[in-house]
Amino acid sequence: VDRGMATVEDYMNSAMLKNNGSKYQVMTVSIKERPPANDIKLNIGNASIEQTDQARFLGVTLDRSLKFQQYTEELIKALHTRLKGLKLLFKNADLQTRKQLACGILKSKAQYCLPCIGHCSSGQWDRLRQVYTDMARAVLKVGRGFPAREVYTRLGWMTLDMELMFADQRLLFKIWKTGKPVDV
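For clarity, every value in this text was computed on a predicted model and none was experimentally measured.

Visitor: Pulling in residues and values, what's your account of the overall build of the protein?
Guide: For the protein, the count of helices and strands is seven helices and five strands. Order of helices (α) and strands (β) in the protein, N terminus to C terminus: α-β-β-β-β-β-α-α-α-α-α-α. In summary, the protein has a C-alpha radius of gyration of 21 Å against a globular reference of 16 Å for 184 residues, an excess of more than 25%. The principal-axis extent of the C-alpha atoms belonging to the protein is close to 60 × 35 × 35 Å. A burial count over the protein gives 30% of its 184 residues as buried. The long-range fraction of contacts in the protein, counting pairs at least 24 apart against all pairs at least 6 apart in sequence, stands at 55%. Summed over all atoms, the accessible surface of the protein reaches about 12200 Å², with 56% contributed by carbon and sulfur.

In structure tokens:
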């Protein structure tokens, strides 16, 4: 591990990049129920790297179990907030504008890292599905009594479950074509 950290430090120095140890975090990951040991001590330069139970990376909160529970909760809250704001904008907008706003502000947020969050707890998935359906109903300006299947059909949209299957299949296809996992 020390050699690896020295390699990182050498690279940073050779690329004339500032080495800010306070921005580094170390996290042990385990899919087992018992948490992994908390005794990893790493240093880069003169800075000690903090060990953490969760870390943010490219806007996604990773946790030790890689179940994305914290990120999913953050996502549900953010989607509710955005939906409330969009409903105000929807009052005077035509259908095409409402669809574009929903795609740009809500659907894109919900679909970011979908293969990761798609495997969260069933309770969280149900709440995500409900927010997604509420968004679609808001676009059509219909209430919860209107059947979800009909809402998605009228909009020409996939349900969140379909979006997840599509994202998984697209990822699998890329792995099949290239022989390795690649960014989606």
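Visitor: How would you sum up the nonpolar core? Please name residues and give values.
Guide: Residues Leu79, Ile117, Trp125, Leu128, Met135, Leu155 and Trp157 are the most contacted members of the largest nonpolar core, which totals 30 residues. Broken down by secondary-structure element, the contributors of at least two residues to this core are helix H2 (69–90), helix H3 (95–111), helix H4 (114–117), helix H5 (122–140), helix H6 (148–155) and helix H7 (160–178). Of all the elements, H5 adds the most residues to this core, at nine residues. Within the second largest apolar cluster, five residues are counted, among which are Met5, Val26, Leu42 and Ile44.

Visitor: So, H7: which residues are in play, and what are the values?
Guide: Between its terminal C-alpha atoms H7 stretches 27 Å, which fits the 27 Å expected from 19 residues at 1.5 Å a residue. Buried within H7 we find Leu160, Glu163, Leu164 and Ala167. Buried positions in H7, seen along its axis, are confined to an arc of 105° and lie on one side of it. Exposed and oriented more than 90 degrees from the buried face of H7 are Gln169, Leu172, Trp176 and Lys177. The elements touched by buried residues of H7 are H3, H4 and H5. Positive backbone phi, at 80°, marks Gly179, one or two positions downstream of H7.

Visitor: Quick rundown of unusual backbone geometry? Include the residues and the values.
Guide: With a phi close to 55°, Met16 is a non-glycine residue in the positive phi region. Following the sequence through the fold, Met16 ends up in the loop between helix H1 (2–14) and strand E1 (25–26).

Visitor: Quick one: what's the story with the confidence of the model for the protein, residue by residue and with numbers?
Guide: Per-residue confidence for the protein gives a mean pLDDT of 84, with 95% of residues at or over 70. Mean pLDDT values for the elements of the protein range from 75 in strand E2 (residues 42–44) up to 94 in H6.

Visitor: Describe the layout of surface pockets, naming the residues involved and giving the relevant values.
Guide: Gaps left between atoms show up when a probe the size of a water molecule is rolled over them. If you add up the space inside the second largest pocket, you get close to 160 Å³. What lines the second largest pocket is Lys23, Gln25, Val26, Met27, Ala55, Arg56, Phe57 and Leu62. Counting only elements with at least two residues in the lining of the second largest pocket, the list comes to E1 and strand E4 (54–57).

Visitor: I'd like to hear about a nonpolar patch on the surface, residue by residue, with values.
Guide: Taken together, Met158, Met162, Met165 and Phe166 make up a surface patch of nonpolar side chains, about 370 Å² in accessible area. Within the fold, Met158 resides in the loop between H6 and H7.

Visitor: Could you give an account of the sheet that holds strand E3 (residues 47–51), naming the residues involved and the relevant values?
Guide: Strand order across the open sheet formed by three strands is E1-E3-E2, with mixed pairing between neighbours. The strands lining the two open edges of the sheet, one partner per strand, are E1 and E2. Of the strand pairs in this sheet, E2 and E3 are connected by three bridges, and their pairing is antiparallel. Pairing of Asn43 across the sheet is with Ser48, part of E3. With respect to the sheet, H1 is in contact with E2 and E3, its orientation differing from that of E2 by roughly 20°.

Definitions and limits used
Residues numbered from 1 in each chain as written. Predicted model: local features only at pLDDT ≥ 70, side-chain atom pairs only at ≥ 80, totals over all residues. Heavy atoms only, no water. Helix = DSSP H or I, 4+ residues; strand = E, 2+ residues; numbered from the N terminus. Rg over C-alpha atoms; globule rule 2.2 N^0.38 Å. Buried < 20%, exposed > 50% of the residue type's maximum accessible area, 1.4 Å probe, protein only. Contact = heavy atoms within 4.5 Å. Areas by Shrake-Rupley, 256 points an atom, 1.4 Å probe, with all protein chains shown as cover. Core = buried A, V, L, I, M, F, W, Y, C linked by side-chain atoms within 4.5 Å. Expected span 1.5 Å × (residues − 1). Arc of directions from axis to C-beta. pLDDT = per-residue confidence, 0-100. 1 Å grid on protein atoms, 1.4 Å probe; cavity = no way out; pocket = protein on both sides within 12 Å on 5 of 7 lines; lining within 4 Å. Points joined across faces, edges and corners; volume = space filled by probe spheres on them. Patch = residues over 30% accessible without salt bridge, like charges linked within 9 Å, V, L, I, M, F, W, Y side chains within 5 Å. Salt bridge = Lys/Arg side-chain N within 4 Å of Asp/Glu carboxyl O. Pairing = 2+ DSSP bridges. Axes fitted to C-alpha atoms, helices over the stretch in contact; angles between N-to-C directions.

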